Amino acid sequence: MAFVGSAIAEDQMNNQTHSYVGMWVTADRYIRHELLQDGRYVEARGKRERAYLGRYRVTGNHIDYRDDTGFTADGEFIDGVLHHAGMILYRDK
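All of these numbers come straight from a predicted model, not from anything done at the bench.

A. Quick peek at the side chain of Glu43. One can find Glu43 in strand E3 (residues 40-45). In terms of polar contacts, Glu43 uses its side chain to reach the side chain of Arg45, at 2.5 Å. Discounting residues that sit within four places of it in the chain, Glu43 has contacts with Ile31, Arg32, His33, Glu49, Arg50, Ala51 and Tyr52.

Okay, here's the thing in structure tokens:
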């Protein structure tokens, strides 16, 4: 994944048109990922609503994250469930 220094990568990240946009939560709702249409995300943890902020990019069923501090992570959407960093997140209804 090429997040760094590429105008093309920035443009791709800012034009999310996939079906994964929206809120994803763990079963206990402690972790909440909001994937925004503009390629940004907001992660909440417990009562901390804006624990992590950053950009994401979806390619097929794969998601790459880069938070605003530069930390990167990834995950996979499998059968409508997001598997990310040892966590299982479900679409919030």
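On we go.
B. Main features of the pairing of strand E5 (residues 62-67). In terms of burial, E5 is a largely internal element, five of the six residues being buried. Both strand E4 (residues 48-59) and E5 contribute to a ladder of six bridges, which runs antiparallel. Within E5, the residue paired with Arg57 across the bridge is Asp64. Pairing analysis gives five bridges linking E5 to strand E6 (residues 72-78), with the strands arranged antiparallel. Across the sheet, the residue bridging to Asp64 is Asp74, located in E6. Turn length for the E5-E6 hairpin, with the two strands adjacent in sequence and antiparallel, is four residues, and the turn residue Gly70 shows positive phi of about 105°.

C. Molecular detail of the packing of aromatic side chains. As enumerated under the stated definition, the model contains four aromatic pairs in all. Pairing Tyr20 with Phe77 gives two aromatic rings, centres 3.6 Å apart and planes at 0°, and the pair type is stacked. Within this pair, whereas Tyr20 is found in the loop between helix H1 (7-13) and strand E1 (22-25), its partner Phe77 is found in strand E6, the two being separated by 57 residues in sequence. By relative accessible area, Phe77 is classed as buried at 4%. Three or more aromatic residues link up through ring pairs in this structure, and these residues are Tyr20, Trp24 and Phe77.

Cut-offs and rules
Residues numbered from 1 in each chain as written. Predicted model: local features only at pLDDT ≥ 70, side-chain atom pairs only at ≥ 80, totals over all residues. Heavy atoms only, no water. Helix = DSSP H or I, 4+ residues; strand = E, 2+ residues; numbered from the N terminus. Polar contact = N/O pair within 3.5 Å; in protein donor to acceptor, adjacent residues only side chain to side chain. Contact = heavy atoms within 4.5 Å. Buried < 20%, exposed > 50% of the residue type's maximum accessible area, 1.4 Å probe, protein only. Pairing = 2+ DSSP bridges. Phe/Tyr/Trp six-rings, centres within 6.5 Å; stacked < 30°, edge-to-face > 60°.

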